[in-house]
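Each chain, letter by letter, is given below.
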Amino acid sequence: MSDKACGSCSTASDCQSRSKEQEKNRKLAHSLSRIKHKVVVLSGKGGVGKSSVAANVAAELSLSGCRVGLVDVDVHGPSIPRLFGLEDSRPVTRDQKLVPAMWNGQLLVMSLGFLLQSKEDSVIWRGPVKMGLIRQFLEDVDWGDLDYLIVDCPPGTGDEPLSVVQLLGHEAHALIVTSPQDVAVDDVRRSVNFCRHTGNQVLGIVENMSGFVCPRCGEEAHIFSSGGGQKLAQEMQVPFLGGIPLDPDMVKAADEGMPFIARQAESPALSALQKILEPIKQLQGQKDFFQDQLSNLQASPSNTPDSVRPQNGAVKIAIPLAQGRLCQHFGHCELFALFSVNTEDKTILHQEQLTPPPHEPGVLPNWLAEKEAGLVIAGGMGSRAQDLLREKGIRIITGAPEGTAEEIVKSWLDGNLVTGQNACDH
Ligand SMILES: Nc1ncnc2c1ncn2[C@@H]1O[C@H](COP(=O)(O)OP(=O)(O)OP(=O)(O)O)[C@@H](O)[C@H]1O
């Protein structure tokens, strides 16, 4: 090891900023890893109904029981708060994270609109500030575990949507909203090419404001030319998800701050929205399949000793105990067994049992960090405790089997610890 102190090194500030950047990237990756499906709602130009589609999709998914996040990164015209009657919400900070507004108990909403003092405020943004805000909305908002994150993007194919898609990564799916006029359709061609360029799958094209169904006689009239979205979908070989007709109730719903899909009885616009939701709902089955395959893998890489870096030649492993055996609830254990092990020759160097401080949120992760634990092997552990432990650089294995702490540590050292479900994933 070099005996040169960091402070005296000529590249110390480079190192520091690189490690800050790495820490930020790690935080972002961690937040995104807790989101099963990401859907970016894009449009080639403004005013085609992109926010309305994003809001209705998010509302319906939450009403069907999914835990959903909706983020409005349209920094120039944030309209999502109004669509949910949440204009007066102001985010609070908890544990250095922004807490999103809640709609209907299952939908978490974050928008720049919450940060503006009044609805009339306009914001003049410099490019880097805009990008920073978009990143912050993904990284520093307490989204927790989500089935879906729906992102209402700024219109166009410029730097802002590009930045969103790049931050979310290849696995984000795009939903492209257009209106029937030729100019909007041309813009969509650019949006599809944009997704091809970023390597993101297009779930489909939606043609909004496609015809008008007369509420009196039920006859459909095409105010603009129609079918452009469908033609384009064929030409670009992406799915066409259908047209949503102009419906005065959609405007009324927006004015009343209640998503159209949540208040509306049968109507052509409602059926159209439900059709758009089909491929989005199907994403769930696909991911569940892969997750099942993953959890069927008996010993995952983190279950093996080479995944934890020793400190001074040893790894310290903490195991929550109740009546001498693994306690299934991390936060409610009586004691912690603390082992010091040598992962090279797979031996236990030292073991002791310690009484933890009384259970309160955040206390155990701090205490375990003070005890220099590098790994916690638990049965069940809530997501909050997992976050706090990871922030302290402590690795976690959940779903460990019944047994004594020594049996568990020995299986881990031998690389054959078999884990199951996290018994307490709340
Ligand atoms: N199918 C529809 N029928 C009737 N009105 C609609 C329909 N879709 C959207 N609208 C209305 O059109 C207006 C614009 O919609 P919205 O804000 O969703 O568009 P946008 O593409 O997100 O716009 P921007 O790019 O400016 O954010 C809103 O008043 C909305 O209520």
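Residues numbered from 1 in each chain as written. Predicted model: local features only at pLDDT ≥ 70, side-chain atom pairs only at ≥ 80, totals over all residues. Heavy atoms only, no water.

Per an unreviewed UniProt entry, the protein chain goes by the name Iron-sulfur cluster carrier protein and belongs to Desulfonatronospira thiodismutans ASO3-1. Word for word, the UniProt comment on the protein chain under Function (unreviewed entry) is "Binds and transfers iron-sulfur (Fe-S) clusters to target apoproteins. Can hydrolyze ATP." Regarding the protein chain, the relevant UniProt record gives this comment under Sequence similarities (unreviewed entry): "Belongs to the Mrp/NBP35 ATP-binding proteins family." (UniProt positions renumbered as here; feature names shortened; annotations may be inferred.)

(A) Quick look at the overall build of the protein chain. The number of helices and strands found in the protein chain is 13 helices and 17 strands. Relative to its 426 residues, the protein chain shows a buried fraction of 48%. Put simply, of all contacts in the protein chain between residues at least 6 apart along the chain, 69% involve residues at least 24 apart. When the accessible surface of the protein chain is split by element, carbon and sulfur atoms take 49% of a total near 21200 Å². (Helix = DSSP H or I, 4+ residues; strand = E, 2+ residues; numbered from the N terminus. Buried < 20%, exposed > 50% of the residue type's maximum accessible area, 1.4 Å probe, protein only. Contact = heavy atoms within 4.5 Å. Areas by Shrake-Rupley, 256 points an atom, 1.4 Å probe, with all protein chains shown as cover.)

(B) Fine view of the site of the ligand. The ligand sits among 18 residues. The nearest are Gly49, Lys50, Ser51, Ser52 and Asn208. Contact between the ligand and Gly47: an oxygen atom at 3.1 Å from a main-chain N or O atom of the residue. The backbone of Lys50 places a nitrogen or oxygen atom 2.9 Å from an oxygen atom of the ligand. For the ligand, the cavity whose grid points lie within 2 Å of the majority of its atoms is the second largest pocket. (Near = heavy atom within 4 Å. Polar contact = N/O pair within 3.5 Å; in protein donor to acceptor, adjacent residues only side chain to side chain. 1 Å grid on protein atoms, 1.4 Å probe; cavity = no way out; pocket = protein on both sides within 12 Å on 5 of 7 lines; lining within 4 Å. Sits in = over half its atoms within 2 Å of the grid points.)

(C) Local environment of the layout of surface pockets. In this structure, the second largest pocket encloses a volume near 510 Å³. Every residue lining the second largest pocket is counted, 28 residues in all, and those nearest its centre are Gly49, Ser52, Asn208, Met209 and Ala254. Elements that contribute at least two residues to the lining of the second largest pocket include exactly helix 2 (50-63), helix 3 (80-83), strand 9 (202-213), strand 11 (240-246) and helix 8 (248-256). The biggest single contributor to the lining of the second largest pocket is helix 8, with six residues. For the lining of the second largest pocket, a count of residues per class yields 15 nonpolar, eight polar and five charged. (Points joined across faces, edges and corners; volume = space filled by probe spheres on them. Nonpolar A, V, L, I, M, F, W, Y, C, P; charged D, E, K, R; others polar.)

(D) Layout of helix 12 (residues 383-391). Turning to helix 12, its buried residues are Ser383, Ala385, Gln386, Asp387, Leu388 and Leu389. Where helix 12 ends, the next residue or the one after it, Gly393, has phi of about 80°, a positive value.

(E) Focus on the packing of aromatic side chains. If you walk through the whole model with that rule in mind, you get three aromatic pairs. A ring pair is formed by Phe330 and Phe336, whose centres lie 5.8 Å apart and whose planes are at 75°; its orientation type is edge-to-face. A centroid spacing of 5.6 Å and a plane angle of 55° characterise the contact between Phe336 and Trp367, whose relative ring orientation is tilted. One end of the pair, Phe336, is in strand 14 (residues 335-342); the other, Trp367, is in helix 11 (residues 363-370), and 31 residues separate them in sequence. Take Phe336 and Trp367: they sit in the same class, and that class is buried. (Phe/Tyr/Trp six-rings, centres within 6.5 Å; stacked < 30°, edge-to-face > 60°.)

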